[in-house]
Amino acid sequence: MRKFVTYVIVIPLALVFAAFGAANWHSVRVSFDPFDPNDPTLAVGMPLFALIIVVAILGVIAGGMATWFGQRHWRRAARGHEADARDARAQLADLQAAHAALRGEPARLVPPSQGGLFGFGGRDKQGAAL
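Report on the accompanying structure. Going along each chain's sequence as written, the residues are numbered from 1 onward. Two thresholds apply to this predicted model, a pLDDT of at least 70 for residue-level local features and 80 or more for giving and counting side-chain atom pairs, whereas whole-chain, interface and lining totals are computed over all residues. Only heavy atoms go into the side-chain values, all of them from the structure, while hydrogens and water stay out.

Observations regarding the overall build of the chain
The number of helices and strands found in the chain is 3 helices and 2 strands. Residue exposure (1.4 Å probe, protein chains only): buried if accessible area is under 20% of the type maximum, exposed if over 50%, otherwise partly exposed. For the chain, the residues scored as buried account for 7% of the 130 residues in total. Any pair of residues with heavy atoms lying within 4.5 Å of one another is described as a contacting pair. Put simply, of all contacts in the chain between residues at least 6 apart along the chain, 22% involve residues at least 24 apart. The accessible surface values rely on the Shrake-Rupley method and a 1.4 Å probe; as for residues, cover is taken only from the protein chains in view. As presented, the chain carries roughly 11000 Å² of accessible surface, and 68% of it is formed by carbon and sulfur atoms. Working definition: helices are DSSP H or I runs of at least four residues, strands are E runs of at least two. Numbering for both runs from the N terminus.

So, the side chain of asparagine 24
Along the chain, asparagine 24 turns up in the loop between α1 (2–23) and β1 (27–31). We classify asparagine 24 as buried; its relative accessible area is 15%. Once residues lying within four places of it in the same chain are set aside, the contact partners of asparagine 24 are Leu48 and Phe49.

A word on the environment of valine 28
Tracing the backbone shows valine 28 in strand β1. Residues valine 28 and alanine 50, spaced 22 residues apart in sequence, show a C-alpha to C-alpha distance of 9.9 Å. What valine 28 contacts, discounting residues up to four positions off in sequence, is Val44, Gly45, Met46, Leu48 and Leu51.

Here it is in structure tokens:
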């Protein structure tokens, strides 16, 4: 699927950007002074395609930061649920050991949980062993 996306979307998009850059090589003046736009001390001259690329990069960075900060509630809740699940697994292992001791069975060893980045049981999201 990634190769398909690369061939169908990314490569033609790169060609369009290259053609745009070649067609818009002329220099434009960008002024950062809202009161006197003709003041050369707060103005920068750059090619139009470079200006558009810089603005696009800044927009992607700003959007990524806004998304990251907007999702902090969900990340905090996921950490809390992960801790609750870890505690519940530990409590279940203790109860199973106590039940086995009451029945007179030998205690089974429970492998330590490998929670964290790749989840429990040493497997990633697709189920592959680590």
